[in-house]
Amino acid sequence: MSWLRDPGAAARVPGDGGHAVVVGGGVAGLLAARVLASHFDQVTLVERDPLPEVLQARKGVPQGRMQHVMLPRGQQLIERLFPGYGRELEATGAVTLRIPADALVLTPAGWLDRSLTGWPLHSASRPMFEGVLRRRVRDLPGVTILDGHHVTALLTSPDRRQVTGTVLHQVAGVDDSATRELVADLVVDASGRGSRAPAWLAEAGYPAPTTTRVDPDVGYASRIYRIPPGFRADWQAVLLTSQPPSMPRTGYLLPIEDGQWMLGLMGAAGQHPPTDEDGFTAFLRSLRHPVIADVLATAEPVTPVRAYRGTANLMRHYERMASRPERFVVLGDAVCAFNPVYGQGMSTAAIAAETLDACLSEQRRRYGAGNLDGLARRFQRRLARRNAEPWMLSTSEDLRFPTTTGMNVDLATRLMHRYADRLQPVIIQDVGIAEIYLQVFGMLARPTTLFTPRVLAAAARAKPHDASASGPTAGLVPAPAGRPQEGSR
Ligand SMILES: Cc1cc2nc3c(=O)[nH]c(=O)nc-3n(C[C@H](O)[C@H](O)[C@H](O)COP(=O)(O)OP(=O)(O)OC[C@H]3O[C@@H](n4cnc5c(N)ncnc54)[C@H](O)[C@@H]3O)c2cc1C
């Protein structure tokens, strides 16, 4: 590959060609590669894992074994970048359903009305969401995927004002002889929560970005089950939410490829689902309704229980850096990672790709082809604005648990909690408001939609919701065939 060179080879002046490098082949990196392919002649995506041909979890994405829901906003944006993505998911075995028509959804105030329009959902394992994307990226002209290579540092111009590429090691032999340099006009870091970009910047003489970490102490556990042959119900999925602050436990049961269910259990405020059989079953039984536990009592587990803990909300403030090198941007979980209970990560990665696309187009229009001066600052600022809403939704909900660390509950957050408490029963009683709530939950509408006069008026009329009135399973009795009884939703 002409962009690869051994250390000591003649330096190449950035800007005389069109080569972009993406660090990390997760969802954010794949979407960034797609966007960059429209702006650069060549794109190289560097991934440290050897990438599997088949759809399977891999070491570099440990969360890949956990349940993943792709919200409709992410699905829409990906469909725009890769037309036919949804159809390919279906052809590969993803299950198509509608939320809430095909699901039992227990919100903090009660069961969601299943006659709502809601939105469609492709339900699949995380390796499928990523693997189908990777297939599409491999087919893009001008894009090379360099797997089994680990980026260890940034290359910079002699005055360190520009990033000019990356240093790579082949994963199989991390010694000096395996070192390569990959020269580039733009480097995009999409290496996830564990991104080393702050350290790379420090090595180049720049201050590391400040970080905000809001930690509700959420533990995850997931397990795959075979759907029993002959199983019949009028639902395909069950979503039992937590009821903060008194009930921090959540359980989602979703159908995935190959006739399987993926169970996801999540516990905030340190109430992590155990991984031993008895503890796991007891946690499942302690959810707000027994429907999932009842249904799984006769289902055959396909995998052991797997746990995951790295779930804190994490924001690296690249937008606030007083000085930065040109031609280096950061996106995806490497900038902003969420408590995953709200399912925002992949959609936010898609929003980041859309933002990068818009910034690159604007850059070309305003400053001409090949001029990337100022792009890094403009992109990080715009991305921070786009990340602000999902961040606010996730952290303000997490701050309902008094044990959450990293941010004070200020007056605005307290008022938000009071307002949300008033709104919850309205979502159960008023289908119009419920549709709006679902649009916000699916990231299809902005959270400010919940503050329009119509919604404010409905909330003002509602009686305050007493969250302590219903503990786990209180007032909810499993109905025949696993359906909630009439009147309980
Ligand atoms: C438990 C859990 C459950 C989740 N559930 C959901 C959900 O339901 N819905 C949802 O939308 N999101 C969910 N997410 C979030 C989602 O996984 C991510 O937000 C999304 O995939 C974007 O991640 P990313 O591509 O930025 O990073 P990652 O997926 O972490 O990918 C980073 C990639 O970079 C590679 N890499 C790292 N360092 C280097 C290096 N130095 N050189 C080369 N390669 C490198 C890694 O191997 C990896 O492939 C969940 C997250 C967790 C933790």
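This text follows the structure it describes.
Please read these numbers as outputs of a predicted model, since none were measured by experiment.

Q: An account of the environment of Ala445 is needed here, citing residue identities and associated values.
A: Structurally, Ala445 can be placed in the loop between helix H11 (431-441) and helix H12 (453-461). With a relative accessible area of 22%, Ala445 lands in the partly exposed category.

Q: Describe helix H3 (residues 85-92), listing the residues and the values that go with them.
A: All of the buried residues along H3 are Tyr85, Gly86 and Leu89. One side of H3 carries all its buried residues, which in axial view fall inside an arc of 100°. Residues Arg87 and Ala91 are exposed on H3 and point more than 90 degrees away from its buried face. Those residues of H3 that are buried are in contact with helix H2 (72-81), strand E7 (119-123) and helix H4 (126-138). One or two steps after H3, the chain reaches Gly93, where phi turns positive at roughly 120°.

Q: Tell me what's going on with the packing of helix H1 (residues 27-36) against helix H8 (residues 345-367), and back it up with residues and numbers.
A: Their axes nearest at 9 Å, the elements H1 and H8 cross at an angle of 25°. As the angle between them shows, H1 and H8 are arranged roughly parallel. The crossing of H1 and H8 is right-handed. Note on element contacts: H8 touches H1 through Met346, Ala349, Ala350, Ala353, Leu356, Asp357 and Leu360, opposite Val27, Ala28, Leu31, Ala32, Val35 and Leu36. Tallied by class, the residues present in the contact of H1 with H8 amount to 12 nonpolar, no polar and 1 charged.

Q: How would you explain the sheet that holds strand E22 (residues 336-337) if you had to name every residue and give the values?
A: Whether parallel or antiparallel, the strands of a sheet pair through hydrogen bonds between backbone atoms. Taken together, the 3 strands give an open sheet; going across it, the order is E13-E20-E22, and neighbouring strands pair in antiparallel fashion. Since the sheet does not close on itself, it has two edges, and those belong to strand E13 (211-214) and E22, each with one partner. Relative to E22, strand E20 (residues 313-316) is paired through 2 bridges, and the arrangement is antiparallel. Among the inter-strand pairings, Leu314 is bridged to a residue of E22, identified as Ala337. Seen against the sheet, helix H9 (residues 375-398) touches E13, E20 and E22 and runs at an angle of roughly 145° to E20.

Q: Can you explain H1? Please cite residues and give values.
A: Within H1, 10 of the 10 residues are buried, which leaves it mostly tucked inside the rest of the structure. Residues Val27, Ala28, Gly29, Leu30, Leu31, Ala32, Ala33, Arg34, Val35 and Leu36 constitute the buried set of H1.

Q: Give me the lowdown on the site of the ligand, citing residues and values where you can.
A: Taken together, 33 residues form the shell around the ligand, and within it Glu47, Val69, Arg126, Asp333 and Met346 come nearest. At 2.6 Å, a side-chain N or O of Glu47 approaches an oxygen atom of the ligand. Within the side chain of Arg126, a nitrogen or oxygen atom sits 2.5 Å from an oxygen atom of the ligand. Across the complex, the protein chains shield 97% of the 1,000 Å² of accessible surface that the ligand would expose by itself. Contributing elements (two or more residues each) for the shell around the ligand: H1, strand E3 (42-47), strand E9 (149-156) and H8.

Q: I'd like a description of the pattern of salt bridges, backed by residues and values.
A: Using the criterion set out here, one finds 20 salt bridges in the structure. As a salt-bridge pair, Glu354 and Arg386 come within 2.9 Å of each other at their nearest N and O atoms. One end of the pair, Glu354, is in helix H8; the other, Arg386, is in helix H9, and 32 residues separate them in sequence. Looking at Glu354, the relative accessible area reads 26%, which means it is partly exposed. One salt bridge connects Glu397 with Arg400, and the closest N-O pair in it is separated by 3.2 Å.

Q: Could you give an account of the nonpolar core, with specific residues and numbers?
A: Counting 115 residues, the largest nonpolar core has Leu36 and Leu331 as the members making the most contacts within it. The element contributing the most residues to this core is H8, with 9 residues. When residues of this core are assigned to domains, at least three fall in each of domain 1 (4-70 + 129-211 + 314-395) and domain 2 (98-122 + 217-310 + 410-489). The contacts of Leu36, once residues within four sequence positions are left out, are Ala20, Val22, Val43, Leu186, Val188, Leu356 and Leu360. Leu106, Ala221, Tyr225 and Phe283 belong to the second largest nonpolar core, which has 23 residues in total.

Q: Got a sec to walk through the packing of H2 against H8? Specific residues and values, please.
A: One way to put it is that H2 packs onto H8 with a least axis distance of 8 Å and a crossing angle of 40°. Considering their axes alone, H2 and H8 lie oblique with respect to each other. As H2 runs across H8, the sense of the crossing is left-handed. Side by side, H2 and H8 meet where Arg73, Gly74, Leu77, Ile78, Arg80 and Leu81 of the first sit next to Ser347, Ala350, Ile351, Ala353 and Glu354 of the second.

Q: How would you summarise the pairing of E3 if you had to cite specific residues and measurements?
A: Most of E3 is tucked away, with 5 of its 6 residues classed as buried. When strand E2 (residues 19-23) meets E3, the two strands line up parallel, connected through 5 bridges. Paired with Ala20 across the strands is Val43, a residue of E3. Regarding topology, H1 serves as the crossover connection from E2 to the parallel E3, and that connection is right-handed. Examined bridge by bridge, E3 and strand E8 (residues 143-147) share 5 bridges and lie parallel to one another. Its bridge partner lying in E8, Leu45 is registered against Ile145.

Q: Now, about the pairing of E9: what can you tell me, with residues and values included?
A: As defined by bridge partners, E9 adjoins strand E10 (residues 163-170) across 7 bridges and the pair is classed as antiparallel. Paired with Leu154 across the bridge in E10 is Thr166. Counting the residues in the hairpin turn of E9 and E10 gives 6 residues, including Arg160, whose phi is positive at 65°.

Q: How would you sum up the sheet that holds strand E12 (residues 186-189)? Please name residues and give values.
A: Spatial strand order, E8-E3-E2-E12-E21: 5 strands in an open sheet with parallel pairing. If you trace the sheet from one side to the other, it starts and ends with E8 and strand E21 (328-330), each paired once. On average, each strand axis in the sheet is inclined to that of its neighbour by 20°, with strand direction left out of account.

Parameters and conventions
- Residues numbered from 1 in each chain as written.
- Predicted model: local features only at pLDDT ≥ 70, side-chain atom pairs only at ≥ 80, totals over all residues.
- Heavy atoms only, no water.
- Helix = DSSP H or I, 4+ residues; strand = E, 2+ residues; numbered from the N terminus.
- Buried < 20%, exposed > 50% of the residue type's maximum accessible area, 1.4 Å probe, protein only.
- Arc of directions from axis to C-beta.
- Contact = heavy atoms within 4.5 Å.
- Axes fitted to C-alpha atoms, helices over the stretch in contact; angles between N-to-C directions.
- Parallel < 35°, antiparallel > 145°, perpendicular 65-115°, else oblique.
- Left-handed = near helix turned anticlockwise from the far one by under 90°.
- Nonpolar A, V, L, I, M, F, W, Y, C, P; charged D, E, K, R; others polar.
- Pairing = 2+ DSSP bridges.
- Near = heavy atom within 4 Å.
- Polar contact = N/O pair within 3.5 Å; in protein donor to acceptor, adjacent residues only side chain to side chain.
- Areas by Shrake-Rupley, 256 points an atom, 1.4 Å probe, with all protein chains shown as cover.
- Salt bridge = Lys/Arg side-chain N within 4 Å of Asp/Glu carboxyl O.
- Core = buried A, V, L, I, M, F, W, Y, C linked by side-chain atoms within 4.5 Å.
- Domains from an automatic or database assignment.
- Right-handed = clockwise from strand over helix to strand, strands pointing away.

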